[in-house]
Amino acid sequence: MAKGIVIREAHFPGRAPIEAYGNGGFRFADMSHRGSLLCLPFGIYGWEPADPLALTSADFAKLFNEAATVEILLVGSGKDLRPLPAALRAALKEAGISADPMSTGAAVRTYNVLLAEDRAVAAALIAVD
């Protein structure tokens, strides 16, 4: 008997460059995703921070679970650069992760370069229109 449509958490099991961004989403690996993304060494996830203007450690639970595999976190904060809250910066530093906030466009470009260099990079990308 058919169960109907099953909605699962958005997840791509691997690393892939971001091909395009805008219109509220991203394109990568010949797919598109509407909303924000968390790109980690073991996969790309749909990401919905509680408040994109005030990120917290809780928004990065998946990142902290993979902290041993990440050296650099690029935080694409939308159209404009927003500094990371002090508590989040401290938690990232304690986990051994260097965080670099920038606009989403700059984060996508930097992520693609570091990914091509096979660096231990992660990116938290807030979708832009």
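Going by the structure above, here's the rest.
Here we summarise the structure given alongside this text. As the structure is a prediction and not an experimental result, all values here were calculated from the model.

## Some thoughts on the pattern of salt bridges
Per the stated rule, a full pass over the model turns up 2 salt bridges. Across the pair R15 and D118 runs a salt bridge whose closest N-O atoms are separated by 3.9 Å. Taken together, the residues R15 in the loop between β1 (11-12) and β2 (18-22) and D118 in the loop between α3 (104-116) and β9 (121-125) connect sequence positions 103 residues apart. In this structure R15 comes out as partly exposed when scored by relative accessible area, which is 31%. A salt bridge links E117 to R119; its shortest N-O distance comes to 3.6 Å. On the basis of relative accessibility, which here comes to 48%, the residue E117 falls in the partly exposed class. With relative accessibility at 33%, the residue R119 sits in the partly exposed group.

## Regarding the sheet that holds strand β3 (residues 25-28)
If you trace the 3 strands from one edge of the open sheet to the other, you get β2-β3-β4, paired in antiparallel fashion. Every interior strand has two partners, whereas the edge strands, β2 and β4 (31-34), have only one. The average angle at which neighbouring strand axes cross in this sheet is 15°, direction not considered. Pairing of β2 with β3, which is carried by 4 bridges, proceeds in the antiparallel orientation. Bridged to Y21 within β3 is F26. Each of β2 and β3 touches α3; the most contacted strand, β2, lies at about 180° to it.

## Concerning the pairing of strand β5 (residues 36-40)
The buried fraction of β5 is high, at 5 of 5 residues. Alternating residues of β5 divide into S36, L38 and L40 and L37 and C39, and every residue in both groups is buried. In terms of strand pairing, β5 meets strand β6 (residues 43-47) through 5 bridges, oriented antiparallel. Along β6, the bridge assignment pairs L37 with G46. What sits between the antiparallel neighbours β5 and β6 is a turn of 2 residues. Bridging between β5 and β9 involves 3 bridges; their strand directions are antiparallel.

## Remarks on the environment of G96
Relative to the elements of secondary structure, G96 occurs in the loop between α2 (86-94) and β8 (98-102). You can call G96 exposed: its relative accessible area is 53%. When the C-alpha positions of G96 and E71 are compared, they lie 6.9 Å apart, and in sequence the two are 25 residues distant. Once residues within four sequence positions are removed from consideration, G96 is found in contact with V70 and E71.

## Things to note about the environment of I44
With respect to the secondary-structure elements, I44 resides in strand β6. Separated by 14 residues in sequence, I44 and A58 have C-alpha atoms that sit 18 Å apart. Leaving out residues up to four positions away in the same chain, I44 has contacts with A10, H11, F12, G14, A16, F28, L37, L38 and C39.

## Some points on the packing of aromatic side chains
The tally for this structure, following the rule as stated, stands at 2 aromatic pairs. Seen in terms of ring centroids, F12 and F28 are 5.8 Å apart; in terms of plane orientation they differ by 75°. Their pairing is edge-to-face. Residue F12 is found in strand β1, and its partner F28 is found in strand β3; the two are separated by 16 residues along the sequence. Using a relative accessible area of 6% as the deciding quantity, one classes F28 as buried. Measuring from ring centre to ring centre gives 5.3 Å for W47 and F60, while their planes differ by 50°; the resulting arrangement is tilted. Note that W47 is positioned in strand β6 and F60 in the loop between β6 and α1 (61-65), a separation of 13 residues in sequence.

Cut-offs applied
- Every chain is numbered independently, its residues counted from 1 as its sequence is written.
- Under the rules for a predicted model, residues below a pLDDT of 70 receive no local features and side-chain atom pairs below 80 are neither given nor counted, while totals for whole chains, interfaces and linings still include all residues.
- Water and hydrogen atoms were dropped before computing side-chain values, which therefore reflect all heavy atoms in the structure.
- Salt bridges, as used here, are contacts in which a Lys or Arg side-chain nitrogen is within 4 Å of a carboxyl oxygen on Asp or Glu.
- Each helix is a run of H or I in the DSSP string that is no shorter than four residues. Each strand is a run of E no shorter than two, and both are numbered from the N terminus.
- Here the term buried applies to any residue with accessible area under 20% of the maximum for its type, exposed to any over 50%, and partly exposed to those in between, with areas from a 1.4 Å probe on protein chains only.
- At least two DSSP bridges between two strands are needed for those strands to be called paired.
- A fitted line through C-alpha atoms serves as each axis, taken over the contacting stretch for helices, and the angle formed by two N-to-C directions is quoted from 0 to 180°.
- We call two residues contacting when some pair of their heavy atoms lies within 4.5 Å.
- Stacked, tilted and edge-to-face are the three classes applied to pairs of Phe, Tyr and Trp rings, where Trp contributes its six-membered ring and a pair requires centres within 6.5 Å; stacked means planes under 30 degrees apart, edge-to-face means over 60, and tilted covers the rest.

From the geometry alone we can't say anything about function, so treat these as descriptive.
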